[in-house]
Amino acid sequence: MPPGPLQETFFNDSVRYMMCIMIMSSFSIILTMAPPITWVSITDSPQVVIHSVLASRILFNLRASEERSRIPTTMAHVSEIQFGGGQFSKLVFEVFEV
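Residues numbered from 1 in each chain as written. Predicted model: local features only at pLDDT ≥ 70, side-chain atom pairs only at ≥ 80, totals over all residues. Heavy atoms only, no water.

1. Section: the side chain of aspartate 13
Then, number 1: As for its position among the elements, aspartate 13 is in helix α1 (residues 5–33).
Then, number 2: The buried category is assigned to aspartate 13, whose relative accessible area is 7%.
Then, number 3: Those residues within four positions of aspartate 13 in sequence are excluded, and the remaining contacts are Arg57, Ile58 and Asn61. (Helix = DSSP H or I, 4+ residues; strand = E, 2+ residues; numbered from the N terminus. Buried < 20%, exposed > 50% of the residue type's maximum accessible area, 1.4 Å probe, protein only. Contact = heavy atoms within 4.5 Å.)

Shown next, in the form of structure tokens:
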């Protein structure tokens, strides 16, 4: 069974999240091993910010993906209209199922 849009979004965002957190953690470890001891806490705040932003992005993307999958749209051709210049035009509505 192929994954749905919600599963794809979750997987893609989770991979991005883990890669960014791993890079930031590696950078933090490298700075911990660096000689100046004052650099140790320099990555604390950015790491918390990146974690919060990425976790929020995952939730926002999941909501958007779920919303797109819940609203199936169908096109309904209603009729043709003739305007004053003799020009015909089709009247088409998008129908959203709730």
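2. Focus: the environment of arginine 63
Then, number 1: Tracing the chain through its elements places arginine 63 in helix α2 (residues 44–70).
Then, number 2: The spacing of arginine 63 and leucine 6 is 57 residues in sequence and 8.7 Å in space, taken between C-alpha atoms.

3. Focus on the nonpolar core
Then, number 1: In this structure, Tyr17, Ile21, Leu54, Ile58 and Leu62 together form the largest nonpolar core, which totals 5 residues.
Then, number 2: Where this core is concerned, the elements lending two or more residues are α1 and α2.
Then, number 3: Among the elements that line this core, the one with the most residues is α2, at 3 residues.
Then, number 4: Non-local contacts of isoleucine 58, meaning those with residues more than four positions away in its chain, are made with Phe10, Asp13, Ser14 and Tyr17. (Core = buried A, V, L, I, M, F, W, Y, C linked by side-chain atoms within 4.5 Å.)

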